Amino acid sequence: MRDELVKLGIDTAVLDADSALLAKLGDYLPSAIFPAIHGSCGEDGSIREVLGLLRIPYVGSIPSACRAAFDKPTAKSLMAAAGVATPTSATLPRETFHDLGASAVVDLIVARLGLPLYVKPSRGGSSLGAGAVRSAADLSAALLSCFAYGEIALIEQFVRGTEVAVGVLDLGDGPHALPAVEIVPGEHGYDYSARYTAGQTEFYVPARLSASAAREVADAALTAHSVLGLRDLSRTDLILDEEGTAYFLEANVSPGMTETSTFPLALEASGHHFGEACLKLIEIAVARGA
Amino acid sequence: MTAGSDSPAVRIDRYVGQYAERAKGMVASEIRALFAVAARPEIVSLAGGTPYVAALPLDAVGSMVGELVAGQGTQALQYCTAQGDAGLRERICEVMSLEGVQDHPDDVVVTVGSQQALDLLARIFVDPGDVVLAEAPSYVGALGAFSAYQADVVHVPMDDEGLIPEALEQAIAAVAASGRRAKFLYTVPNFHNPAGVTLALSRRHRILDICQRAELLVVEDNPYGLLGFDGDPMRALRADDPEGVVYLGTFSKTFAAGVRVGWAVAPPAIRDKLILAAESAVLCHSSFAQLTVREYLSTQPWREQIKDFRELYRARRDATLDALARLMPPGCGWTEPAGGFYVWLRLPDGVDAKAMLPRAISARVAYVPGTGFYADGSGGQFARLCYAFPDPERIREGIRRLAAVVEGEIELRHDFASGVPSV
C-alpha cells in the first residue's frame, strides 16, 4: 500500500504500534492514518481509540465497531440476529475447562456439536491458533493450540463448502460488495503458511458461484458491514455449503493488504486501482476529520 | 454451488510450479512471525544468538574504518580473490593458533560468516538423500544449509560431555546397514549451539579415531571456542587431525557479526573445491569487510577485547543460571555452559516449547523452541535461551516471565491431560 501511495505522490510513512508511535506521530503530523495492523491492537479498536484521542483522522471503522467485529462470538450473535446463518458453536473460556474438568466438557462439546469441528481463538486472526478437528481425540489438542493465542475458544461446527472472502468498499457513495474471492487452499487448509506463502493457495476472482449464490454472499457481507457498524472498508469471510446457504464466519475491519491478500485481488477485479482506492479512502477520512 | 462463472485461478505466484523440490520447505511460518514480534523492545528476547557488539570500542573501530578507506580504499573497495585477502588469512592463522591449530594461510578460505562455509560444504559434498551426521540437537543454521541440498540429517545423541562416542559408532553402523554412507559429521565441540555443552577432552581423540576408521570427514564448527569462561581455549579437533577435519571459524562472536566474515580451513583438495564453489557463489567476498577485520586484528587490542567479552558473557551466564535455579518450576532442567551464549532448557513432561511460544510472546519474553534444532522436528520439550544480549537485570526479568508462562502451561496441560498426545 505504501508503494502504491508513494507512486501517487503521497508522502507516506509506515509506523509500527510500539513505544515510539506517539512521538513519531507528533513528528510526522500526518493528515490521516490508514490502520493496517493485524491482530489485537490493530483490529480491536484500541489503536483507533488512540487516534481519536489524538484527533488524527483515520480510515476505517470506529473503535466500538471494531470491538464488535473483532470478538467473533459477538459478531456471530449480531449476524444471527440479523438473519444470516452462522455455524452452530460454543464459546468457552479456558477457566471453564479447568473448573469443570476438560474431559467432561470436551465430551459434551462433541456430543452436542458433533464432528468435524473448527476451533479458533475468539479474538485473533491469520488462522493463528485455529484448526479443524476431525476426531474427538483431536479436540483437546486443538483447544491447547487455541489457548496459546487467547483465553477464550470459539468451537464451531465445521461447514463443508466453498470458502469465500467478500470485501465491502465505501468510496463515499455507500457500501458496495466487491466480487467474492474463492479460496482453495492446499492439503493443509487455509492456515498461516497458506495465507502468507505466495502460490500455496489458489484464488478465483470472481468466485466460481452461480449468480444467486454470488448475490447471497454479497448480501451477507453488506449485512455484516451494516449490522456491525463498519465503515469505509471491511472483509467478511463466509462458507457457502452444498445447499447454497452462506454461513458467516467472521468480519475483518482491517483486511489484509499484502501481495497474498484477497481484498486487493477483489479491488482489482472490480476495476478499481488499488492505490487510487486507498487514496480515495484517505481523502474521505481527511474530509471526515477526527 | 460452484456452477457459475468459470474464472481462471489467480496465480499470485506465476512461477509456483517451477520451483526446485528443495524450495518446498521455504514457506511462511507462525514461528517466524512471532520472532518478528520478539524484536520489539518491550520483549526480553532470549531467542536470537545476538552478540553484544555495544561492548566494542566503537569510536576506535570507526576511526580505524575511516583510515582504512582513506589509506587503502583502492584495495578495500575493489574485487579480491575468492579465497580471500592474504593478509587476513595470515591473521586468521594467528587466531587459530590459540586453539592449537597450526595451518598455513594457503589452507584458509574466507567466507561470508561460517554460514557460507556450511553452504559451500553442503554444495560440494551433498547430493539429495545423502546422510550428514550431526549432534542432537544441532545448530539450526547448519540444518537449514544441509536441508537446502536435501541432505538426510541423522542425529547423534549428546550428554553433558558432548557427543557420545558409542552413539556415534552406532549411528555410523546404522547408516552403513541402510546401504548408505554418511558424507561428514557436523559438530560444534565447544559451548554448543544450542545445547551449551562442551565435548570432553577425554572424548576428543575417541571421536577422531572413530571418524578416521570410518573414513568420515569431520566438520568442526567453532564460533564460540575463544569465549570460554574458565582457563585456556580448548584444543581444536583440527589441531590433532588436519587431514580429517574441516575447521569453521567466524569473527561474528569475537569481533562483529555485522562484518560477516568467517573462514574454513580444510585439507588441500577440499580447500580447492571450496574456493571454486565460493567463486561461483559470490565471485569474491567483500574486500571492505575483510580488510576491516584485518585492520582490526592488526591495530586493535583484540585479545583484550575477547577477555572483555568473556567477562561480560560470564556475568550474563551467571545471571541466567541463578534466575533459572530460583524461579523455574519443578520438572525443568538446564545445561550449565562453561562458555558461549546458550543454555538448553528442558521443560516439564508434556510441555511443548513451540506450542507455548505465543503465550510467552504475550508475556513479553522470547526463546527458540527446541524443534528448530532437530531435522525431524522433535525436541518440543526443549528451548534455547541465549543470554548474550540482554543485561543481567533484563535476563532476570525475562526468566521471571518465562517461569510464569511455564507454570501456566503446566496447569493448562494438566487440565487437558487426558486425551492429549504427549509431545
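None of these values were measured; they are calculated from a predicted model. (Residues numbered from 1 in each chain as written. Chains lettered and ligands numbered in written order. Predicted model: local features only at pLDDT ≥ 70, side-chain atom pairs only at ≥ 80, totals over all residues.)

(A) Expanded view of the overall build of chain A. When helices and strands are counted, chain A shows 13 helices and ten strands. Referenced to the eigenvectors of the C-alpha coordinate spread, the extents of chain A come out at roughly 60 × 45 × 35 Å. Going through the 290 residues of chain A one by one, you find that 46% of them count as buried. Here the contacts in chain A between residues at least 6 apart in sequence split such that 64% fall between residues at least 24 apart. (Helix = DSSP H or I, 4+ residues; strand = E, 2+ residues; numbered from the N terminus. Buried ≥ 20, exposed ≤ 12 C-beta atoms within 10 Å, placed from the backbone. Contact = placed C-beta atoms within 7 Å.)

(B) Up close: the packing of helix α6 (residues 165-177) of chain B against helix α7 (residues 201-213) of chain B. Residue and element names in this part refer to chain B. Viewed as axis vectors pointing N to C, α6 and α7 meet at an angle of 10°, and their least axial separation amounts to 10 Å. On the basis of the axis angle, α6 is roughly parallel to α7. Of the residues in α7, those touching α6 at P165, L168 and E169 are R203, R206, I207 and I210. Across the contact of α6 with α7, the residue classes tally to four nonpolar, no polar and three charged. (Axes fitted to C-alpha atoms, helices over the stretch in contact; angles between N-to-C directions. Parallel < 35°, antiparallel > 145°, perpendicular 65-115°, else oblique. Nonpolar A, V, L, I, M, F, W, Y, C, P; charged D, E, K, R; others polar.)

(C) Fine view of the nonpolar core. Grouped together as the largest cluster of nonpolar side chains are 140 residues, with contacts concentrated most on V119 of chain A together with V132, L133, V246 and A264 of chain B. Ranked by the residues each element gives to this core, the list is headed by helix α14 (residues 392-415) of chain B, at seven residues. With sequence-adjacent residues up to four places away left out, A264 of chain B is seen in contact with V109, T111, A117, V246, Y247, L248 and L274 of chain B. Counting 61 residues, the second-largest nonpolar core is a separate cluster that includes A165, L169, F203 and F248 of chain A. (Core = buried A, V, L, I, M, F, W, Y, C linked by C-beta atoms within 7 Å.)

(D) The domain arrangement of chain A, seen in detail. Residue and element names in this part refer to chain A. Domains assigned within chain A are domain 1 (1-85 + 160-290) and domain 2 (89-157). Contact residues are listed per partner, giving 15 residues for domain 1 and eleven residues for domain 2. Put simply, the parts of the chain that give the side of domain 1 that touches domain 2 at least two residues each are α3 (40-43), α6 (72-81) and α10 (192-196). With three residues, the single largest contributor to the side of domain 1 that touches domain 2 is α6. Class assignment for the residues of the side of domain 1 that touches domain 2 results in four nonpolar, four polar and seven charged. (Domains from an automatic or database assignment.)

(E) Main features of helix α4 (residues 46-54) of chain A. Along α4 of chain A, the residues classified as buried are I47, R48 and L51 of chain A. In a view along the axis of α4 of chain A, the buried residues occupy a sector of 95°, so they form one face of it. (Arc of directions from axis to C-beta.)

(F) Just the environment of G244 of chain B, in detail. All names here are of chain B. Counting through the fold element by element, G244 comes out in the loop between α8 (237-240) and β9 (245-250). Its 18 C-beta neighbours within 10 Å are what place G244 among the partly exposed residues. Residues G244 and Q212, 32 residues apart in the sequence, show an inter-C-alpha distance of 6.9 Å. If we ignore the near neighbours within four places in the chain, the residues touching G244 are L208, C211, Q212, L217 and V218.

(G) Looking closely at the packing of helix α4 (residues 113-125) of chain B against helix α5 (residues 140-148) of chain B. Residues and elements named next belong to chain B. At a minimum axis separation of 9 Å, α4 and α5 run at an interaxial angle of 30°. Taken together, α4 and α5 sit at an angle that is classed as roughly parallel. Considering only the axes of α4 and α5, their crossing is right-handed. Listed contacts from α5 to Q115, L118, D119 and A122 of α4 are G141, A142, A145, F146 and A148. Of the residues assigned to the contact of α4 with α5, the class counts are six nonpolar, two polar and one charged. (Left-handed = near helix turned anticlockwise from the far one by under 90°.)

(H) Quick peek at the domain arrangement of chain B. All names here are of chain B. Considered domain by domain, chain B is made up of domain 1 (20-49 + 304-415) and domain 2 (75-300). Here the C-alpha centre of domain 2 lies 25 Å away from the C-alpha centre of domain 1. Contact with domain 1, which involves 25 residues of that partner, is made by 27 residues of domain 2. Looking at the side of domain 1 that touches domain 2, the elements that each hand over two or more residues are α12 (302-327) and β12 (342-346). Tallying contributions element by element places α12 first for the side of domain 1 that touches domain 2, with six residues.

(I) Looking closely at the sheet that holds strand β3 (residues 131-133) of chain A. Residue and element names in this part refer to chain A. Strands sit in the order β1-β4-β2-β3 across an open sheet of four strands; the sheet is antiparallel. Looking along the sheet, the strands with just one partner apiece sit at the ends: β1 (89-93) and β3. With strand direction ignored, the average angle separating the axes of adjacent strands in the sheet is 25°. Relative to β3, strand β2 (residues 117-121) runs antiparallel, the two being bridged by three bridges. Pairing of Y118 across the sheet is with A132, part of β3. (Pairing = 2+ DSSP bridges.)

(J) Molecular detail of unusual backbone geometry. With an omega dihedral of 0°, the bond running from A136 of chain B to P137 of chain B counts as a cis peptide bond. Positionally, P137 of chain B belongs in the loop between β4 (131-136) and α5. Each neighbour pair has its own omega, and for N193 of chain B with P194 of chain B the value is 15°, a cis peptide bond. Within the element layout of this structure, P194 of chain B appears in the loop between β7 (182-187) and α7. Despite not being glycine, R55 of chain A has its phi angle at roughly 60°, a positive value. Its identity is not glycine, yet E215 of chain B carries a phi of approximately 50°, on the positive side.

(K) Geometry of helix α11 (residues 287-299) of chain B. Residues and elements named next belong to chain B. An ideal rise of 1.5 Å per residue puts 18 Å on 13 residues; α11 measures up with 18 Å between its terminal C-alpha atoms. Burial runs high along α11: ten of the 13 residues are buried. Every buried residue belonging to α11 is among S287, A289, Q290, L291, T292, V293, R294, E295, Y296 and L297, and all of these are buried. (Expected span 1.5 Å × (residues − 1).)

(L) Structural view of the confidence of the model for chain B. This prediction gives chain B a mean pLDDT of 93; 96% of its residues lie at or above 70. Across the whole predicted complex the pTM is 0.88, and at the interface the ipTM reaches 0.80. (pLDDT = per-residue confidence, 0-100.)

(M) Local environment of the pairing of strand β4 (residues 152-157) of chain A. All names here are of chain A. Note that β1 and β4 share five bridges and pair antiparallel. Its bridge partner lying in β4, S89 is registered against E156. Both β2 and β4 contribute to a ladder of five bridges, which runs antiparallel. The partner of Y118 across the bridge, within β4, is E156.

(N) Just the sheet that holds β12 of chain B, in detail. Residues and elements named next belong to chain B. The four strands are arranged β11-β12-β15-β14 in an open sheet whose pairing can be described as antiparallel. Single-partner strands in this sheet number two, and they are β11 (333-334) and β14 (368-369). Note: β11 against β12, two bridges, orientation antiparallel. When the bridges of β12 are listed, G333 appears paired with R346.

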